[in-house]
Amino acid sequence: MSTSREDTSQQTNPETTADHQAYERQLEEALKHEREYVDRLYGRLDELREENREKLADVRRTGSSGSHQNRSERDAYATFYEDRLGQLDAVDNRLVFGRLDLDDASTRYIGRIGLADENHERLMVDWRAPEAGTFYQATAFDRQGVQRRRHLILERRTLRNIEDDVLDPEFLEHEEVLHGEGALLAALNRKRTGRMTDIVATIQAEQDRIIRADLAGVHVVQGGPGTGKTAVALHRAAYLLYTNRERLQKSGVLVVGPSSSFMWYIERVLPSLGETGVVMSSLATLYPGVRAVPESDPRIGRLKGSLDMVAVIKKAVADRQKVPQKVQTLSVDSSRVELRPKQIKHARERARATGKPHNQARETFVKILVQDLADQLEKQLNESSGNDMDRSYLLEDVRQARDVRVALNLAWMPMTAETLVRDLLSKRHYLESAGAHLSEDDVEALLRPKDAPFTESDVPLLDEAAELLGDFEAAVGHTAARAAAERNSNLENATKTLENVDAALEEMGVNGVVTAEMLAGINETGATRMTAAEAANSDRTWAYGHVVVDEAQELSPMQWRLLMRRCPMKSFTVVGDIAQASAAASSTSWGEALEPFVEDRYRLDELTVNYRTPSQISEAAVSMARAAGLEVSAPRAVREGEWSPQVIATDDVLGTLSRRLRQDLDAVAGGLVGVIVAQPEYDDVVRAVSEEFSDLTGTSESALERQILVLTPWEAKGLEFDTVVIVEPTSVVEAAYGTVGDLYVSMTRPTQRLALIASRGVPAGLEQWTTDGRESPAH
């Protein structure tokens with residue numbers, strides 16, 4: 001059973017002075033013992049750091065000389081030591097958090113990584129190891145060999161408190177039990193910092209079962225606001241990397257979130273769990289080299305998000321493989337040749353039949369037509385000269401002729417995905433041809449200036465286009481040309497060098513023949529060393545071993561298609577809440593979202609406990625959502641907050657906002673304040689808050705680490721704050737085209753206080769929390 005301040009009937013009664021003093025002595029003795037062990041663990045951590053620093057320094061001191069094999073070995077060792085140091089540095093804060101006392105009288109400490117002493121005696125078990133699972137799973141009804149579970153509550157390296165859960169009643173008879181505020185509640189009540197922290201010390205049983213589920217297949221985690229979906233997803237990523245190290249270290253894990261502010265919010269969690277090799281991307285950055293902007297028009301978002309766009313992009317690529325209507329006369333040196341539509345059509349059919357992407361199939365197209373034109377030119381020359389002779393040189397003459405190059409490019413131009421999509425959405429004739437099913441109104445909505453930035457809903461279109469187009473660099477020969485130029489330069493330098501260094505090579509002990517080619521190979525610049533994560537992040541075609549998708553209810557079918565392409569093995573952790581969906585192209589059920597890609601082959605689990613939102617705030621959010629007809633689950637809140645939510649009706653929005661912010665800053669001193677406002681009022685609110693609280697205010701475009709953050713509902717999705725102020729809730733609903741999903745999500749962001757400031761009416765369902773802003777707001 002878990003001890004608490006109220007449950008003391010079987011313990012020393014702290015209400016009597018003698019017993020209270022005895023309890024305090026017991027606590028101090030236990031703290032002293034645990035602090036000594038914590039110091040020992042940190043001592044070992046520091047030793048390992050120093051060992052790895054010394055080994056890395058030794059490797060770097062050896063320089064870059066030696067054989068290619070020796071250099072490769074040094075690079076491998078350097079990589080290993082650098083990665084290990086990164087891991088050891090990342091887990092420094094609250095290294096250990098648990099202890100298990102077992103039936104066999106053994107003790108097991110649980111921490112962020114595994115540690116052993118110099119004699120290989122285990123000091124601490126990695127939280128992801130199988131033998132650590134009982135720390136999260138054992139209960140009084142299913143002890144799993146655990147007598148007592150002790151929570152060690154650290155602040156950085158310092159042990160502050162101890163919390164005991166006694167699972168074996170007999171343990172109470174021979175050992176005092178120590179209690180405190182409660183590890184879970186202590187973590188929940190801790191002030192927010194603007195960054196998500198891990199929950200490794202307080203993972204609950206229903207969360208742990210999901211975290212430790214098998215790697216294979218699509219695992220959907222449904223949960224209402226505050227149920228810990230994001231934390232579970234990130235801890236699952238860390239667990240899978242630990243248990244499937246060999247497979248996932250090579251292929252990598254991709255974590256996808258809704259926005260850049262969300263990715264900034266969660267970016268420190270995985271390193272704190274001992275993992276530094278994960279690719280993290282927002283929906284806007286899933287295509288390498290592009291940082292997309294939000295799609296402002298939901299109608300356009302729905303059009304681009306539909307799987308109908310697959311056919312549109314395919315037709316757009318096919319439209320770039322053209323057959324002219326007329327015969328073209330082309331100059332090759334002083335001769336003339338004819339390029340007929342029939343020839344181009346035949347070459348196009350042959351090139352398409354290869355099944356290769358557009359840019360690679362072009363090689364076949366060009367090869368066939370260059371050969372046809374060379375044969376035509378050879379026949380002309382033979383007839384005019386009266387004799388047959390070897391004219392194989394004509395192939396290159398035809399290939400290099402300007403008229404020929406222009407004609408072939410016009411018929412089958414190599415291109416990038418960016419060029420194709422930009423032209424498709426800016427030129428009416430391309431869009432009307434590729435999107436024959438689109439209405440005139442749809443075409444008008446999709447057309448935009450050629451220099452318009454790419455949007456988030458363009459990213460899947462770019463990816464689809466890139467899949468059909470193939471490698472542009474290889475098609476135009478840039479990569480090969482650069483490599484050849486570098487090789488020629490190295491060979492020239494090596495040849496000159498060898499004329500002067502024969503004697504020096506002998507003195508260095510180099511035996512046998514050294515050629516210029518060998519020396520050039522040694523001196524060529526090797527590829528920059530990249531981790532699997534870095535390589536994957538820069539390679540659109542990378543196949544990940546596992547993909548984690550957070551706020552997955554927001555994804556369009558085209559975004560799902562992109563992600564499924566990133567993980568051919570279909571190994572996914574999908575977390576979200578269908579009721580919170582607010583994107584124009586999002587689905588209404590998990591079945592609808594996933595059926596086109598995996599049919600019904602997915603597993604669904606639900607998180608049922610709200611750890612973030614106090615019960616009063618959760619009640620208000622659910623009341624508002626249900627009054628609007630939104631079907632939302634109401635996860636059980638684990639705590640009741642100190643403050644009830646407030647809806648302040650006022651004519652002076654900015655003045656009321658200023659007063660409320662001052663109250664919030666006093667009430668949650670040092671806590672994080674979120675001001676959530678729809679786009680129409682956003683600039684005015686940012687200006688007003690920044691002027692009055694200049695040193696404290698930040699936005700997603702400026703400083704996300706400030707104490708007051710002004711964000712749109714989309715930017716606030718997935719984040720949490722100590723206190724939240726929502727400006728003009730009616731505008732939030734209107735900006736979402738009459739749906740209350742964004743407002744519901746915004747109302748469930750706070751851990752302590754919530755206020756809505758309204759001058760344009762109060763959404764239904766919030767009447768009982770509404771006050772007149774002209775009166776002094778209650779705290």
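Quick caveat: nothing in here was measured; it's all calculated off a predicted structure. (Residues numbered from 1 in each chain as written. Predicted model: local features only at pLDDT ≥ 70, side-chain atom pairs only at ≥ 80, totals over all residues. Heavy atoms only, no water.)

(A) Highlighting the confidence of the model for the chain. Looking at the chain as a whole, the pLDDT averages 82, with 82% of positions reaching at least 70. Here helix H22 (residues 516-523) stands out as the element of the chain with the lowest mean pLDDT, 46, in contrast to helix H19 (residues 459-469), whose mean of 97 is the highest. For residues 179-183, every residue scores under 50 in pLDDT, and the model assigns this stretch 20 contacts once sequence neighbours within four places are set aside. Below pLDDT 50 for its whole length, residues 498-515 participates in 8 contacts with residues either more than four positions away or in separate chains. (pLDDT = per-residue confidence, 0-100. Helix = DSSP H or I, 4+ residues; strand = E, 2+ residues; numbered from the N terminus. Contact = heavy atoms within 4.5 Å.)

(B) The arrangement of the sheet that holds strand S20 (residues 708-711) in detail. With parallel pairing, the 7 strands of this open sheet are ordered in space as S19-S20-S18-S21-S22-S17-S23. At either margin of the open sheet sits one strand with a lone partner, and together these are strand S19 (697-699) and strand S23 (770-772). Adjacent strand axes in the sheet meet at a mean angle of 25° when their direction is disregarded. Here 4 bridges tie strand S17 (residues 646-649) to strand S22 (residues 750-758), and the two strands are oriented parallel to one another. Within S22, the position partnered with Gln-646 by the bridge is Ala-755. Of the strands in this sheet, S17, strand S18 (673-677), S20, strand S21 (721-727) and S22 are in contact with helix H27 (residues 653-667), which crosses S22 at around 165°. On the sheet, helix H28 (residues 679-692) packs against S18, S19, S20 and S21 and is oriented at approximately 160° with respect to S20. (Pairing = 2+ DSSP bridges. Axes fitted to C-alpha atoms, helices over the stretch in contact; angles between N-to-C directions.)

(C) A look at the side chain of Asn-359. Residue position: Asn-359 is located in helix H13 (residues 358-385). Take Asn-359: its relative accessible area is 1%, and that puts it in the buried class. There is a polar contact of 3.3 Å between the side chain of Asn-359 and the backbone oxygen of Gly-470. (Buried < 20%, exposed > 50% of the residue type's maximum accessible area, 1.4 Å probe, protein only. Polar contact = N/O pair within 3.5 Å; in protein donor to acceptor, adjacent residues only side chain to side chain.)

(D) Spotlight on the packing of helix H11 (residues 308-319) against H19. Their axes nearest at 10 Å, the elements H11 and H19 cross at an angle of 45°. As the angle between them shows, H11 and H19 are arranged oblique. You can see that H11 and H19 cross each other, and the crossing is right-handed. Here H11 contributes Met-309, Val-310, Ile-313, Lys-314 and Val-317 to the contact with H19, which in turn contributes Leu-461, Glu-464, Ala-465, Leu-468 and Leu-469. Split into classes, the residues belonging to the contact of H11 with H19 amount to 8 nonpolar, no polar and 2 charged. (Parallel < 35°, antiparallel > 145°, perpendicular 65-115°, else oblique. Left-handed = near helix turned anticlockwise from the far one by under 90°. Nonpolar A, V, L, I, M, F, W, Y, C, P; charged D, E, K, R; others polar.)

(E) Spotlight on the pairing of strand S7 (residues 218-223). With 6 of 6 residues buried, S7 lies mostly within the body of the structure. Burial of the side chains of S7 extends over both faces: Val-218, Val-220 and Gln-222 are buried on one face and His-219, Val-221 and Gly-223 on the other. The pairing of S7 with strand S13 (residues 572-576) spans 5 bridges and is classified as parallel. By the bridge assignment, Val-218 is partnered in S13 with Phe-572. When S7 meets strand S14 (residues 602-607), the two strands line up parallel, connected through 6 bridges. Considered in S14, the bridge of Gln-222 is made with Glu-606.

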